[in-house]
Amino acid sequence: MRLLVTGGSGYLGSELVAHAASRGDEVFATHRVTPPDPDLDARWVCADLSDAGVVDRMVAALRPEVVVHTAYRATGPRAHLDTVEAARNVARSTANSGAALVHISSDVVFSGRETEPLAENHPLDPVSGYGRLKAEAERAVLDTHRGSAVVRTSVIYGGPDHRGPQERLVTAALADPSVVSFHTDEVRCPVYVADLARALLAVADTGATGIWHVAGPRAVDRLGLARALARSLGGDPAVLRGGPSPEPPPGGPVRPRHLHLDSSRFVARFGPLLRDPDQALGG
Ligand SMILES: NC(=O)c1ccc[n+]([C@@H]2O[C@H](COP(=O)([O-])OP(=O)(O)OC[C@H]3O[C@@H](n4cnc5c(N)ncnc54)[C@H](OP(=O)(O)O)[C@@H]3O)[C@@H](O)[C@H]2O)c1
């Protein structure tokens, strides 16, 4: 498969590049500010995806069969450009070129006010600025590229072999437990980065379209995930501190509490690719 991975310099993007290259795909990948990992077997393009002309020229030159769009920015002055406008540009160029598109979205498009598992057709009701951007990006993609797939996922972790933001946080907390309290009332379905990469390639291979929930099979609070990661990193999980999340200040940033993505539709179609932290980390 001739595959273009946007955000190839990011956590998920680099894992995706590695998996696709290892199975023999012809892989192109973008980065913007972060230098690409020289060990990854891809042809790299330095591109600002928020520039529509840049995206058009890149897609026309590379002629990918499938684009997996992971690039985004959660916060800061470029967040709308890098999350919404970049997604719209990628959707427009891929639709015009006839390429398939797999767009990565997030559980934060939901409010987290309800505790039941959330299916793909649950109404979007984001409560955070990041959640509103991801919801707007989804709508832009689905309106622009009618045959695209939108994959909503949850907190991504990788254990000792694929260290990312979760592993860095746990490593810091193991060194000094006072730096962070892991919220016991904040629940997600954490997904192992290698499982997610395989799942995204399965979606890409089959040309599946529409919205898919692709997250771990078990809802876990932040402390539960941190303790599983601590064990896998050789630390003592008992030293990690946990507790309820503080009430946000009036007008301050809000974080969704209980986000339980129901991935059963994905599992029914693609099989049991998604493991919980104990299975994935060998705990
Ligand atoms: N990480 C999680 O726990 C999690 C959970 C749920 C959903 N997701 C979703 O998964 C996807 C990937 O997340 P991640 O954690 O792997 O992200 P990440 O590590 O922060 O990487 C983001 C990537 O986006 C690129 N990027 C941002 N703006 C760009 C622009 N204008 N042009 C080109 N590239 C741009 C960055 O490139 P440069 O650094 O080179 O600028 C970087 O490669 C995102 O869509 C996110 O919403 C992540």
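Residues numbered from 1 in each chain as written. Predicted model: local features only at pLDDT ≥ 70, side-chain atom pairs only at ≥ 80, totals over all residues. Heavy atoms only, no water.

1. Some words on the pairing of strand E6 (residues 149-153)
Stated formally: Whether a residue is buried, partly exposed or exposed follows from its accessible area with a 1.4 Å probe, protein chains only, as a fraction of its type maximum: under 20%, in between, or over 50%, in that order. Only DSSP runs of H or I covering at least 4 residues are called helices, and only runs of E covering at least 2 are called strands; the numbering of each starts at the N terminus. Here, strands pair whenever DSSP counts at least two bridges between them. With strands facing away from the observer, any crossover in which the path from the first strand over the helix to the second runs clockwise is taken as right-handed.
E6 sits mainly inside the fold: 5 of its 5 residues count as buried. Residues Ala149, Val151 and Thr153 line one face of E6 and the alternating positions Val150 and Arg152 line the opposite face, and both faces are buried. By the bridge criterion, 5 bridges tie strand E5 (residues 100-106) to E6 in an arrangement that is parallel. When the sheet's bridge partners are listed, Ser106 is paired in E6 with Thr153. In the classification by handedness, the crossover that spans E5, the intervening helix H4 (residues 129-144) and the parallel E6 is right-handed. Pairing of E6 with strand E11 (residues 210-213), which is carried by 4 bridges, proceeds in the parallel orientation. Following the sheet pairing, Ala149 is matched in E11 by Gly210.

2. Topic: the nonpolar core
Quick reminder of the rule: For our purposes a nonpolar core is just a set of buried Ala, Val, Leu, Ile, Met, Phe, Trp, Tyr and Cys residues, chained together by side-chain atoms within 4.5 Å. Residues are treated as being in contact if the distance between any of their heavy atoms lies within 4.5 Å.
Ranked by internal contacts, the top residues of the largest apolar core, which has 34 residues, are Val102, Leu200, Trp212, Val214 and Phe266. The set of elements that each furnish at least two residues to this core consists of strand E1 (2-6), helix H1 (11-22), strand E2 (26-31), strand E4 (66-69), E5, E6, helix H6 (193-206) and helix H8 (264-270). For this core, the element with the highest residue contribution is H6, accounting for 9 residues. The residues contacting Trp212, other than those within four sequence positions of it, are Glu120, Ala149, Val150, Val151, Arg152, Arg265, Phe266, Arg269 and Phe270. Grouped together as the second largest cluster of nonpolar side chains are 19 residues, Phe182, Ala194, Ala228 and Leu240 included.

3. Brief notes about the pattern of salt bridges
This is how the line gets drawn: The working definition used for a salt bridge is a side-chain nitrogen of Lys or Arg within 4 Å of a carboxyl oxygen of Asp or Glu.
Under the definition given, this model contains 20 salt bridges. Arg2 is the salt-bridge partner of Glu26, the closest N and O atoms lying 3.0 Å from each other. With Glu26 in strand E2 and Arg2 in strand E1, this pair connects stretches of sequence that are 24 residues apart. With its nearest N and O atoms 3.2 Å apart, the salt bridge here joins Asp48 to Arg78. Here Asp48 is found in the loop between strand E3 (43-46) and helix H2 (52-62), whereas its partner Arg78 is found in the loop between E4 and helix H3 (79-97), with 30 residues between them in sequence. Judged by its relative accessible area of 24%, Asp48 is partly exposed. Judged by its relative accessible area of 24%, Arg78 is partly exposed.

4. Observations concerning empty space enclosed by the protein
To find the voids left in a structure, one rolls a probe of water-molecule size over its atoms. Selection rule: Using a grid of 1 Å spacing that covers the protein atoms alone, one calls a set of points a cavity when a 1.4 Å probe fits there but cannot get out, and a pocket when the set is open and has protein on both sides within 12 Å along at least five of seven lines; lining residues are those with an atom within 4 Å of a point. Grid points are joined across faces, edges and corners, and a volume is the space filled by probe spheres set on the points. Here the nonpolar group is Ala, Val, Leu, Ile, Met, Phe, Trp, Tyr, Cys and Pro; Asp, Glu, Lys and Arg are the charged ones; every other residue, Gly included, is treated as polar.
In this structure the tally under the stated criterion is 1 cavity of 30 Å³ or more. In this structure, the largest cavity is lined by Gln166, Leu169, Val170, Phe182, Arg222, Leu225, Ala226 and Leu229. Those elements giving two or more residues to the lining of the largest cavity turn out to be helix H5 (165-175) and helix H7 (222-232). Here the lining of the largest cavity takes 4 residues from H7, the largest share from any one element. Grouping the amino acids of the lining of the largest cavity by side-chain chemistry returns 6 nonpolar, 1 polar and 1 charged.

Bear in mind that shape data such as this cannot, by itself, settle questions of function.
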